[in-house]
Amino acid sequence: MQSNPLSETAPASTSIPQPSSTPSTSLCTSLLHADSHLNHLFADVAPPLHVSSTFQYSSDPSKLIPAKDASLTFDPSTDHIYSRLTAPNGTRLEALLTSLIGAPSLAYGSGLAALFGAYTLLNPRKVAITDGYHGVHGVLDIFKRLTHLELLPLSRADELGHGDVLHVETPLNPYGEARNVAHYASIAEKTGAVLLIDATLAPPPLQDPFAQGAHIVMHSGTKYIGGHTDLLLGVLATRNKDWFKQLALDRMHTGSVAGSMECWLATRSLRTMEVRVTRQSESASALVNWLEKARSGDGPNKEVVGKVVAKVRHASLQEEAKDEDGWLRQQMKGWGALFALNLKKDEMAKRLPSTLKLFMHATSLGGVESLMEWRAMSDEKADPTMLRVSVGLERWEDLRDDLLKGFEALVEEGNL
Ligand SMILES: *Cc1c(COP(=O)(O)O)cnc(C)c1O
């Protein structure tokens with residue numbers, strides 16, 4: 001039976017996707033099979049791309065239910081009506097995301113569109129937030145204009161009240177350093193605030209913020225979920241059924257749904273995500289380990305690295321990483337594939353990307369291609385000595401050799 005969720009009175013899509021209940025299924029397997037219940041109509045092995053914005057109603061007049069009689073039986077896995085609500089590629093992607101993240105998930109047109117959806121739902125009076133991805137502050141500025149939203153630093157999170165938001169990004173862009181989710185979950189518990197985790201920089205299998213007490217998990221799917229630098233996508237996941245329904249309804253009315261083409265591309269991407277993210281994180285950790293040893297004068301290439309690199313930042317170098325039983329090792333199952341470097345001079349940081357062959361000089365992260373960005377190009381507040389490095393799927397030793405040649409070129413150029 002079909003109802004019409006596009007009408008003003010009808011409920012939002014009521015079929016909430018649930019994570020696979022077979023705990024023995026490993027992540028890499030479920031990323032290939034958690035959408036297989038949607039294969040019934042087709043024989044394709046690779047999922048088809050559906051471009052239609054609208055879908056035919058039943059050809060059997062006895063099955064036509066007018067909008068005013070809409071019931072709760074709408075099944076978005078088959079009863080698609082109009083693609084601002086649901087469409088086949090989005091539903092398929094959301095089945096996979098739900099399995100991946102372990103909570104019912106919705107796909108948006110971008111990471112910031114997803115965040116806008118979360119803040120529209122929560123409409124807090126106060127948000128505690130410090131640093132993080134610069135674009136997030138643009139979203140919060142819109143809410144400051146529309147409401148009386150007040151921002152507090154995370155260090156004052158205990159001043160939040162019921163329904164306010166504790167906004168924690170971990171690991172933190174652009175440094176790749178982690179924050180303690182369990183610590184903020186305890187503050188959320190005490191104050192009644194909602195704990196929103198921007199987990200973009202460490203998707204599964206690297207971390208599961210729900211395990212530490214997150215209420216809403218957000219991803220910029222543009223990064224590791226997309227993974228191939230060819231789509232914009234945002235994701236919100238929550239186990240709160242009322243929130244999920246309201247988010248779906250708001251998404252329909254704000255039109256911030258992810259496009260079918262993007263959902264189709266992201267489905268292709270998720271098939272390999274566990275393998276990609278695991279390898280990228282290992283390669284980044286190997287590079288960071290090499291760089292930090294050399295920088296601190298202990299290990300191969302210490303002369304040249306010591307002349308150029310002032311500081312290396314990554315979760316693996318945090319003090320807390322030394323504690324085998326500490327929160328950091330409990331929270332993270334890998335250190336993540338993004339790290340930051342400070343070079344000795346602004347001019348060195350400005351020039352290094354142009355000397356490299358394997359790292360492209362561009363913003364963004366999470367793709368299979370390694371990127372480096374002189375962060376001053378996109379972030380007004382960035383320290384001009386800072387470079388952000390996103391490690392892709394090249395062999396890490398090749399990336400190391402490329403960096404080393406670049407450092408040598410800077411040293412040869414002399415008095416920068
Ligand atoms: C990129 C990014 C966003 C924004 O996502 P878009 O898909 O570009 O809108 C938000 N948070 C973090 C941590 C990001 O890296």
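Structure: see above.
Quick notes on the rules
- Residues numbered from 1 in each chain as written.
- Predicted model: local features only at pLDDT ≥ 70, side-chain atom pairs only at ≥ 80, totals over all residues.
- Heavy atoms only, no water.
- Near = heavy atom within 4 Å.
- Polar contact = N/O pair within 3.5 Å; in protein donor to acceptor, adjacent residues only side chain to side chain.
- Areas by Shrake-Rupley, 256 points an atom, 1.4 Å probe, with all protein chains shown as cover.
- Helix = DSSP H or I, 4+ residues; strand = E, 2+ residues; numbered from the N terminus.
- Buried < 20%, exposed > 50% of the residue type's maximum accessible area, 1.4 Å probe, protein only.
- Contact = heavy atoms within 4.5 Å.
- Core = buried A, V, L, I, M, F, W, Y, C linked by side-chain atoms within 4.5 Å.
- Pairing = 2+ DSSP bridges.
- Axes fitted to C-alpha atoms, helices over the stretch in contact; angles between N-to-C directions.

Visitor: Got a minute to help me understand the site of the ligand in this structure?
Guide: Around the ligand sit 15 residues in total, of which G111, D198, S220, T222 and K223 are the nearest. Contact between the ligand and D198: a nitrogen atom at 2.7 Å from a side-chain N or O atom of the residue. Take T222: an N or O atom from its side chain is 2.6 Å from an oxygen atom of the ligand. Notes on the ligand: free accessible area 380 Å², of which the protein chains cover 94%.

Visitor: Looking at this structure, how should I read the side chain of S260?
Guide: Tracing the backbone through its elements, the reader meets S260 in helix α7 (residues 260–270). Taking relative accessible area as the criterion, S260 reaches 16% and is therefore assigned buried. Setting aside residues no more than four positions away along its own chain, S260 makes contact with L49, H50, A87 and N89.

Visitor: When you look at the nonpolar core in this model, what are you seeing that I'm missing?
Guide: Soluble globular proteins tend to pack their nonpolar side chains together in the buried interior. Ranked by internal contacts, the top residues of the largest apolar core, which has 83 residues, are L166, F339, L343 and F407. Considering each element in turn, this core owes the most residues, 8 residues, to helix α8 (residues 273–295). Once residues within four sequence positions are removed from consideration, F407 is found in contact with W290, L291, V304, V305, V308, V309 and L352. Residues A113, L196, F244 and L247 belong to the second largest nonpolar core, which totals 26 residues.

Visitor: Got a minute to help me understand unusual backbone geometry in this structure?
Guide: Among all residues save glycine, negative phi is the norm, and among peptide bonds the norm is trans. Here the bond from N173 into P174 is cis, since omega is 5 degrees, no more than 30 degrees from zero. Topologically, P174 is positioned in the loop between β4 (165–169) and α5 (181–191). Along the chain, P204 connects to P205 via a cis peptide bond; the corresponding omega equals 10 degrees. Mapped onto the elements of the fold, P205 is located in the loop between β5 (194–198) and β6 (216–220). Even without being a glycine, N123 presents a positive backbone phi close to 40 degrees. Residue placement: N123 occurs in the loop between α3 (111–122) and β2 (126–128).

Visitor: Where do I start with the sheet that holds β4 in this structure?
Guide: Pairing between the strands of a sheet is mediated by backbone hydrogen bonds and can be parallel or antiparallel. Read across the open sheet, the 7 strands follow the order β1-β7-β6-β5-β4-β2-β3; overall the sheet is mixed. The sheet is open, and its two edges are formed by β1 (105–108) and β3 (150–152), each paired on a single side. The sheet shows a mean angle of 20 degrees between the axes of neighbouring strands, taken without regard to direction. Of the pairings in the sheet, the one linking β2 to β3 comprises 3 bridges and is parallel in character.

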